[in-house]
Amino acid sequence: MANIKVRLDVIEFLIYFWESVSQKEKVADRFFHELADNPDMQLLYDPEFTKESVVKVLSAITNRELLNSPTKKESRFWSQNMRMIEDLDAMRTMVYPVKTLNMDHMKDKLQKDVEVVFLPDTMEEYRISGNTLVVNFFRIMPSMEGDGTVKIEGMDLVNYLDKKVLEI
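Notes on the structure in this doc start here. (Residues numbered from 1 in each chain as written. Predicted model: local features only at pLDDT ≥ 70, side-chain atom pairs only at ≥ 80, totals over all residues. Heavy atoms only, no water.)

1. Comments concerning the overall build of the protein
Within the protein one finds six helices and seven strands. N-terminal to C-terminal, the α/β element order of the protein is β-α-α-α-α-α-β-β-β-β-β-β-α. In terms of overall dimensions, the protein is globule-like: its C-alpha atoms have a radius of gyration of 16 Å, near the 15 Å expected for 168 residues. Taken along the three principal axes of its C-alpha coordinates, the protein extends 50 × 35 × 25 Å. The 168 residues of the protein split such that 47% are buried. Across the protein, the fraction of contacts at a sequence separation of at least 24, relative to all contacts at a separation of at least 6, is 60%. For the protein, the exposed area adds up to about 8,600 Å²; of that, 48% sits on carbon and sulfur atoms. In the protein, 22 side chains carry a positive charge and 29 a negative one; their mean positions are 2 Å apart. (Helix = DSSP H or I, 4+ residues; strand = E, 2+ residues; numbered from the N terminus. Rg over C-alpha atoms; globule rule 2.2 N^0.38 Å. Buried < 20%, exposed > 50% of the residue type's maximum accessible area, 1.4 Å probe, protein only. Contact = heavy atoms within 4.5 Å. Areas by Shrake-Rupley, 256 points an atom, 1.4 Å probe, with all protein chains shown as cover. Lys, Arg positive; Asp, Glu negative; His and termini not counted. Charge placed at Lys NZ, Arg CZ, Asp CG, Glu CD.)

2. Examining helix 3 (residues 51–62)
In a regular helix each residue adds 1.5 Å, so twelve residues correspond to 16 Å; helix 3 covers 17 Å between its end C-alpha atoms and thus fits that length. Counting buried positions along helix 3 yields nine of twelve residues, so the element is predominantly enclosed. Here helix 3 has its buried residues at Ser53, Val54, Val55, Val57, Leu58, Ser59, Ala60, Ile61 and Thr62. Buried-residue contacts for helix 3 involve helix 1 (9–22), helix 2 (29–37) and helix 4 (72–86). Positive phi appears at Arg64, one or two residues downstream of helix 3, with a value of about 55°. (Expected span 1.5 Å × (residues − 1).)

See below:
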């Protein structure tokens, strides 16, 4: 029987950031560097989106500045973070099912241990890297019915994750 681990470290960092900025609190530059250095964030980096991109974007947001010469991915990261800050209720609706997620029902269907990591991806819906499923947190959408459920790419979050985990 395989194990499934859900990692939310980066999202926890960002919840703090979104809440703080929405209350007009100053977030220290050290915070941005710690987030950018988080091992899970490494899964997102490429020539267009780097550690420096994370620091640059989050610093601009906290200082209420526009981005200077952003790449497409930096612009997307900026706009998605702003969306979270501007609608904390929607953000909380997105976060709750992720924080309470239990994937134990999939253990018997897997041949190897799997990790599911929620990250603030810039473009991709999801990525698979070895035994790790990286899910773009920003693609989670609260239900229009206001019932507290969330979907990703039109599917219930748990059904979506079940399908993607089986791809590993």
